[in-house]
Amino acid sequence: MKTTISRRSFALGTLGLLGCGTAMAQGAADQAPAAPPPPPKAVSKTICFVGGYTKHAPPGGAGNGEGIAVFEMDRQSGVLTPVTTFTDIASPSFITLSHDKRFLYALSEIDDFNKDGDGSVTAFAVDRKTGSLKKLNAVSSGGAVPAHLSVHHSGRYVLVANYMGGSVAVLPIRPDGSLGPATDVVHNTGPRQPERAADNPQGNFAVSDHSGSHPHMIQSDPSGKFVIADDAGLDRVYVWTLNLQTGKLVPAKTPYYDMTPGSAPRHFQFNRSGKLMYNLCEQDSKIVVSAFDPQTGAINNLQSVSTVTSHFRGSTLAAEILISADDRFVYASNRLGDSLAVFKVGDDGTLTLQDEAWMHADYGRAMMFDPSGSFLFCANQRSDAVTSFRIDKASGQLGFTENFTPVGSPTTFAFMDTEV
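Please read these numbers as outputs of a predicted model, since none were measured by experiment. (Residues numbered from 1 in each chain as written. Predicted model: local features only at pLDDT ≥ 70, side-chain atom pairs only at ≥ 80, totals over all residues. Heavy atoms only, no water.)

> Just to check I follow, could you spell out the sheet that holds strand β4 (residues 94-97) for this structure?
Paired through their backbone hydrogen bonds, the strands of a sheet run either parallel or antiparallel. Ordered by their spatial adjacency, 4 strands build an open sheet running β4-β5-β6-β7, and the pairing between neighbours is antiparallel. Two strands lie at the open edges of the sheet, namely β4 and β7 (133-140), each paired on one side alone. Taking each pair of neighbouring strands and ignoring which way they run, the sheet shows an average axis angle of 20°. Bridge count for β4 against strand β5 (residues 103-108) is 4 bridges, and the pairing is antiparallel. Along β5, the bridge assignment pairs Leu97 with Leu104. (Pairing = 2+ DSSP bridges. Helix = DSSP H or I, 4+ residues; strand = E, 2+ residues; numbered from the N terminus. Axes fitted to C-alpha atoms, helices over the stretch in contact; angles between N-to-C directions.)

If you want it as structure tokens, here you go:
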């Protein structure tokens, strides 16, 4: 028997077979085991340590801080989220991390650590995955009321500037990161200097203590060959070499350089080559730009520029100085005036003030970049708050993030990226 199939029937049948095949294929796919999701990408965290003044301090120096506050920083917004606070330490007003971020060193700005009336330095082991701190030991800072410390370029010593003690000290770092007693303590001497500089900003009634030697910062130059200290009481910049075997400081060929009388040199920064030095003077709010010879330690001044604009009138005290990673911009903080100065670095290293930003808080002390250089953080001692600014890396300009982080009497920062 012959059966006739129309083209329409054939087409419908073919479509039915194709549909059936597709359904079967889909069913097989539904029954196949799902592919495992890709493993999460390894992401480290950015940890911010903040120190400041606590109740335990010399007379008149007590603050509202509780110790070393630990925060996690949001890398997109710069927001600091509290993690914990290490409270077993008195007035950690300056802190620093070892070069490998395994240890943190914090001074205590006190004068009763021992019967000699010294301050102290505490060593901590840092958990590289969480940022948590474990106290290792504490030793004398070699003088009263230390103001600054740094890890020597070699990684073998901590250098300390004792403000009221009028001394600088060298503390050896043991293999486990703890500290040994000082291998050297040097006391500076010199003639009495005026309380105010002749080139003071107009209307500035603030004074700096020039009753004697007051070392305010000590750090090695980028090559590690020299150790430099700012003495805000004697208005001098001291230069030594460090004997790495004995831990003794040896005066350089020119042992010190005189700054403007009354200017109170406070903190300095070097550019990457180590051939330009930017020294911030507290009392007259000036940055002195100098050529630095990495072979001899010689310092030759090139420029002095104000950290406040020409229209500013009133009291101010410069506090902190930073240089961008690309050497194109320099930043300085002004207490009392509550401003952040932004300088452009010229081809010859000299500075041009291009902007000033309001701190949005009172008595900004320390400043610090986050590890990426995207944000600048300011510790505002009298406002009990940290403020932050987003940095335009092309122009150097600062944009306020509107983020306020409450911290009692903050004065110092340290940042690290954790290990995964």
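Let's pick the thread back up.
> Help me understand the layout of surface pockets in this model?
Leftover empty space is mapped by rolling, across the atoms, a probe with the size of a water molecule. For the largest pocket, the calculated volume is near 1300 Å³. Gln219, Gln269, Leu322, Met368 and Phe369 are, among the 47 residues lining the largest pocket, the residues nearest its centre. Counting residues per element, the ones that place at least two in the lining of the largest pocket are β4, β8 (146-151), β12 (215-220), β16 (265-270), β20 (317-323), β21 (329-335), β24 (364-369) and β28 (410-417). Partitioned by chemical class, the residues of the lining of the largest pocket number 24 nonpolar, 16 polar and 7 charged. Together, 34 residues line the second largest pocket, and Tyr53, Glu109, Tyr163, Arg335 and Arg365 are the ones closest to its centre. For the lining of the second largest pocket, the elements supplying multiple residues, two or more each, are β16, β20 and β24. No other element matches β20, which puts 3 residues into the lining of the second largest pocket. Among the residues forming the lining of the second largest pocket, the class breakdown is 15 nonpolar, 11 polar and 8 charged. (1 Å grid on protein atoms, 1.4 Å probe; cavity = no way out; pocket = protein on both sides within 12 Å on 5 of 7 lines; lining within 4 Å. Points joined across faces, edges and corners; volume = space filled by probe spheres on them. Nonpolar A, V, L, I, M, F, W, Y, C, P; charged D, E, K, R; others polar.)

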